[in-house]
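Residues per chain, in single letters:
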Amino acid sequence: MTEDVAAYDGPLPAVTNLNRAYWDALREHRLVAPRCDHCGHHWLPPGPWCPECWSPSFTWTELSGRGTITSWVRFHQRYFRRGPFEVPYAVTEVTLAEGPRLYARPIEGAEPWVGQAVEICYEDASADLTLARVRPVDVA
Ligand SMILES: [Zn+2]
């Protein structure tokens with residue numbers, strides 16, 4: 001991203017012991033999710049137990065970052081007093097190859113559509129915060 005990292009003044013995530021590994025990995029430009037040690041299910045957002053089998057035992061696992069847009073919306077109203085982006089802006093729901101769903105904005109200039117093959121990329125919004133973004137991939 002070419003955006004000025006010092007310019008970010010948008011909403012910040014509530015980082016807890018439960019999701020810290022996710023945000024730390026994004027800062028390293030990696031995408032991770034909890035993977036159930038019992039049944040192998042991946043899930044996002046991070047939670048204390050597997051939503052498939054309720055096992056509390058999981059391991060943070062790196063994901064491919066590839067997926068498909070399964071829904072998206074364009075916001076025409078600003079819901080935060082401050083923010084790093086102008087309305088209107090889009091937010092996509094991406095179903096990742098490993099199964100979890102992730103919500104992220106497409107990169108500037110990308111027009112999302114349901115069924116579009118995408119990959120996660122990373123925006124260093126500040127020295128401490130990296131956001132997941134979505135960009136189309138060419139599927140030849
Ligand atoms: Zn499980």
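Attention here is on the structure that accompanies the text.

## Description of the overall build of the protein chain
When you go through the protein chain residue by residue, the secondary structure sums to one helix and seven strands. Secondary structure elements in the protein chain, listed N-terminal to C-terminal, are α-β-β-β-β-β-β-β. In terms of overall size, the protein chain behaves like a compact globule, its C-alpha atoms giving a radius of gyration of 15 Å where 140 residues would be expected to give roughly 14 Å. C-alpha atoms of the protein chain, sized along the principal axes, occupy 45 × 35 × 25 Å. Looking at the protein chain as a whole, 39% of its 140 residues qualify as buried. Contacts in the protein chain between residues at least 24 apart in sequence constitute 52% of all its contacts with a sequence separation of at least 6. Carbon and sulfur atoms form 52% of the exposed surface of the protein chain, whose accessible area is close to 8,400 Å².

## A few points about unusual backbone geometry
Cis geometry is adopted by the peptide bond preceding P45, which originates at L44 and carries an omega value of -5°. Relative to the assigned elements, P45 resides in the loop between β1 (32–36) and β2 (58–62). Backbone geometry places H29, a non-glycine residue, at a positive phi of 60°. Phi at W54 takes a positive value of approximately 70°, unusual for a residue other than glycine. Note on placement: W54 falls in the loop between β1 and β2.

## Some points on the sheet that holds strand β6 (residues 117–124)
Reading around the barrel, the five strands line up as β3-β4-β5-β7-β6 and close back on themselves, with mixed pairing between neighbours. Neighbour-to-neighbour, the strand axes of the sheet open up by a mean angle of 50°, direction not taken into account. When β6 meets strand β7 (residues 130–136), the two strands line up antiparallel, connected through seven bridges. Residue pairing across strands places C121 opposite R133, the latter belonging to β7. Against the sheet, helix α1 (residues 20–27) touches β5 (101–106), β6 and β7, its axis set at about 65° to β7.

Here is what the cut-offs are and how they apply
Residues numbered from 1 in each chain as written. Predicted model: local features only at pLDDT ≥ 70, side-chain atom pairs only at ≥ 80, totals over all residues. Heavy atoms only, no water. Helix = DSSP H or I, 4+ residues; strand = E, 2+ residues; numbered from the N terminus. Rg over C-alpha atoms; globule rule 2.2 N^0.38 Å. Buried < 20%, exposed > 50% of the residue type's maximum accessible area, 1.4 Å probe, protein only. Contact = heavy atoms within 4.5 Å. Areas by Shrake-Rupley, 256 points an atom, 1.4 Å probe, with all protein chains shown as cover. Pairing = 2+ DSSP bridges. Axes fitted to C-alpha atoms, helices over the stretch in contact; angles between N-to-C directions.

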